[in-house]
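Here are the chains, one letter per residue:
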Amino acid sequence: MKKLSREWGIGLGLIALAVLLVYYPVFDFSLISAGDYQVIFGNPIVRSGLSMEDWPQILGLESGKPWGPLAALVHAAVFRLFKDSAAAHHLVNVGVHLINSWLVLLILSLSTGDKRKSILTALFFAILPVSVGAAAWIAQLRALLCAMFCLAGVFIYVLKKGVGGRLWPAAVLLCHVIALLCGPEAIAFPFMLVILDYWPLGRMDDGAGSKTSFRGKIPLLIASAMGMALALIPYRSLEWNAGITDLFYSQLGHIFYCLKMIFSPEGMTIFYPYFVEPIPYALKIFQSVILLMTWLIYKAREKRPALWAGWLWFLFVQFGTPFWLQSPAEFIFADWHVYLPSIGLIWAVVWLFPSYEKTAHFRTKVLALVLVAALVPNYLAARDYLNSWRSDREAFMRNLRFYLDYPPSLVGLANWLNANGYEELAFSRFYKAVEVDPGYAPAHYYLANALAAKGDYAGAEAHYREALRLKPGNLRALSRLGALLTRMGRPDEAVPLLEKALRADPAGEEPLTTLAGALASLDMLHQAEKYYRTALGLHPNSGAAAQGLAGVLVRTGRPEEAAPLLEKNLAMGFNKAETHFSLGDVYLQVRDYPQAASQFRMAIAEDPGLAKAHNSLGAVLLVMGRKQEAMEQFSKALDLDPNYAMARKNLEYVQKLISSGK
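Calculation rules
- Residues numbered from 1 in each chain as written.
- Predicted model: local features only at pLDDT ≥ 70, side-chain atom pairs only at ≥ 80, totals over all residues.
- Heavy atoms only, no water.
- Helix = DSSP H or I, 4+ residues; strand = E, 2+ residues; numbered from the N terminus.
- Buried < 20%, exposed > 50% of the residue type's maximum accessible area, 1.4 Å probe, protein only.
- Contact = heavy atoms within 4.5 Å.
- Areas by Shrake-Rupley, 256 points an atom, 1.4 Å probe, with all protein chains shown as cover.
- Expected span 1.5 Å × (residues − 1).
- Disulfide = S-S within 2.5 Å.
- Polar contact = N/O pair within 3.5 Å; in protein donor to acceptor, adjacent residues only side chain to side chain.
- Phe/Tyr/Trp six-rings, centres within 6.5 Å; stacked < 30°, edge-to-face > 60°.
- pLDDT = per-residue confidence, 0-100.
- Salt bridge = Lys/Arg side-chain N within 4 Å of Asp/Glu carboxyl O.

Asks: Even after reading the chapter, I still don't get the overall build of the chain, so can you show me in this structure?
Replies: Counting secondary structure elements, the chain contains 35 helices and zero strands. In the chain, which comprises 662 residues, the share counted as buried stands at 52%. Pairs at least 24 apart in sequence give 66% of the contacts found in the chain among residues at least 6 apart. Of the accessible surface of the chain, which amounts to about 30300 Å², a share of 62% is contributed by carbon and sulfur atoms.

Asks: Sorry if this is basic, but what is going on with helix 24 (residues 457-470) here?
Replies: Spacing of three or four residues puts side chains on the same side of an α-helix, whose turn is 3.6 residues. Taking 1.5 Å as the rise per residue, helix 24 with 14 residues should run 20 Å; its terminal C-alpha atoms sit 20 Å apart, in good agreement. Those residues of helix 24 not exposed but buried are Gly459, Ala460, Glu461, His463, Tyr464, Ala467 and Leu468. On its buried side, helix 24 packs onto helix 22 (423-436), helix 23 (441-454) and helix 25 (475-487).

Asks: What is the right way to look at the state of the cysteines in this model?
Replies: Covalent bonding between the sulfur atoms of two cysteines is what defines a disulfide. Applying the stated criterion across every chain yields a total of zero disulfides. Unpaired in terms of disulfides, Cys150 finds its nearest cysteine sulfur in Cys146, a separation of 4.4 Å. In this structure Cys175 is not part of a disulfide, and its nearest cysteine sulfur, from Cys150, lies 9.0 Å away. By relative accessible area, which is 10% here, Cys175 ends up buried.

Asks: Help me out: how do you make sense of helix 7 (residues 115-127) in this one?
Replies: Here helix 7 contains 13 residues, and its C-alpha end-to-end distance of 19 Å stays within 8% of the 18 Å for a straight helix at 1.5 Å per residue. Burial runs high along helix 7: twelve of the 13 residues are buried. Residue Asp114 occupies the N-cap position of helix 7, its side-chain oxygen lying 3.4 Å from the main-chain nitrogen of Arg116.

Asks: Looking at this model, I keep getting lost on the environment of Pro642. Mind explaining?
Replies: Along the chain, Pro642 turns up in the loop between helix 34 (627-640) and helix 35 (645-660). Owing to a relative accessible area of 52%, Pro642 belongs among the exposed residues under this scheme. In this structure the C-alpha to C-alpha distance between Pro642 and Ala611, which are 31 residues apart in sequence, comes to 9.8 Å.

Asks: Would you explain the packing of aromatic side chains in this entry?
Replies: Each aromatic ring pair is described using two quantities: the centre-to-centre distance and the angle formed by the ring planes. Counted under the stated rule, the structure contains 14 aromatic pairs. Here the aromatic rings of Phe191 and Phe316 are separated by 5.8 Å at their centres, their planes lie at 25 degrees, and the arrangement is stacked. Placement of the pair is Phe191 in helix 11 (residues 189-198) and Phe316 in helix 16 (residues 305-318), with a sequence separation of 125 residues. Using a relative accessible area of 35% as the deciding quantity, one classes Phe191 as partly exposed. For Phe316, a relative accessible area of 39% translates into the label partly exposed. Of the aromatic side chains, those joined through ring pairs into one cluster are Trp199, Trp313, Trp347 and Trp351.

Asks: What am I meant to see in the confidence of the model for the chain here?
Replies: Caution is warranted with low-pLDDT regions, since their predicted coordinates should not be read in detail. When the pLDDT values of the chain are averaged, the result is 82; 81% of them are 70 or greater. Under a pLDDT of 50 for its full length, residues 237-242 has, in the predicted model, ten contacts with residues more than four places off or in other chains. Across residues 273-279 the pLDDT falls below 50, and counting only partners more than four positions away or on other chains, this stretch makes 17 contacts in the model.

Asks: Looking at this model, I keep getting lost on the pattern of salt bridges. Mind explaining?
Replies: Opposite charge on two side chains permits pairing when their charged atoms draw close. Enumeration over the complete set of coordinates arrives at 15 salt bridges. The partner of Arg480 in a salt bridge is Glu510, and the shortest N-O contact between them spans 2.7 Å. Placement of the pair is Arg480 in helix 25 and Glu510 in helix 27 (residues 509-521), with a sequence separation of 30 residues. Classification of Glu510 by relative accessible area gives partly exposed; the value is 24%.

Asks: What am I meant to see in the side chain of Ser342 here?
Replies: Relative to the helices and strands, Ser342 resides in helix 17 (residues 342-350). The residues touching Ser342, leaving out its near neighbours within four places in the chain, are Phe125, Leu128, Val130 and Ile262.

In structure tokens:
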């Protein structure tokens, strides 16, 4: 036992050292716009810090996204303790990855008895380049937690194999349920245990053993069926354009990409090209390779049971990921989705090599050294890939290095450039993406967003409409075009578009709030209030819904009801400039002019370019008899927006007052 403990201690220490050597740079990394901001800093549920009123939304199902409420709770807990520290969130991800690597060691060493191969398998898993995507991307804590509870369940199952009683099966089931609360990858958990029963536990050597093995998994299969339903519900509004057979063959193509990136990781990037129009011959080759490999490994199962078990693990665990929900025309490789499946492939390769002993043949020792030496290129590839997660700029520049003129990379880089003030360069990338692939709808959509922010409403409208022509059911394009038309003074045109978006996603925050805004612009305040309240009922922390409802309440003479909504928005940090401006309107309506002026000044401090805040501050100052200061504010509003008719009218009025000496 003392020797066993010493070997485990050495193995656990080596794994911790390997994880540290690969991942220590992440503590200086910033957030990646592709997910991190939405999941953490842009997520009001996380920012509120485990508020009880957030539970319905945490447990709710969001359209187009896998269900994983436990990850949201962990993010909220970390945010409550460490606030805006990206390093703290990275530490949690790397820590969970380390625990997962330790569990791999413990599971294999307990079930096989081969400590050295178990340590080597866990080391490969710890530094595998395809593990970097999950460990370095804060938004993928969901996948890490799901893997951790699956592996914890497997560990309990292996640790107490053959022990009677109900406690241990209940513990395994509990781990499975918690894993399902993290993500859909846990759907395959019962199959993991069945595979381990085949090898290395050897419980399926006869028909009776097989029946016993499957019978014991019935509660787990029921839980997986429920998890499958929860995984499907968020995708109910998506258009499925492929049959079951096509989806199956699409998965085979995806598996081929997984194999390529695991064994040839030099071209790994955050985003991967997908086939808008599939290449029939290439797909058939990929599928044929996977089917042929499966047949050959099956034929060798008697002599190589570990190889067959590892291959089955690699294949079956992937079917818990969302890839099979996608059409064959749009399969895309994402390395964090093979985080858990890769374990089977690693042990399949490691157990192909003979066991190392001091008295082993020279050839066996050489092969063992080759296997250990393979850790070095994996480490180097992992460190190289890790650098692409340092910042948005690194991510998109790496992408373009491997996939020249790839529209999604061009669009991603353009969004980053635009967000960081490089407007001219950003637009050159947007237009390049449109030029490379005029049929790529996201390029038109994001270009339209940038044009709208710049004030080129006509250009934005044209590209939104092109994005909708290419993808008529694009919810975001429908909502954004509706919002743009409302801003352009054409809410009557916006309403039908927004109603279409709402029919496709009845619980969507953006369709509800933008439709309410359009109705408010048409002075249909009662209907606007109804939609804003519906949005707040479904999304209690929706700053946009609270802001819009507050505006309707002010217009209908209920400022006392509007103030608490706006104060909550300020507490959440939602759009402070607009919130201060709206609070200024509230105080203006109740004739508390000093407070109104204070709120308008705070709005200007948050956003000096907010022309309407300057105009409203000027109006308050004029009422307070401070005509000279009012004139300065009206002039500033006109400087910011020369077409601001109300500011021009107010400026002319105050100039007349001053010239007449009144």
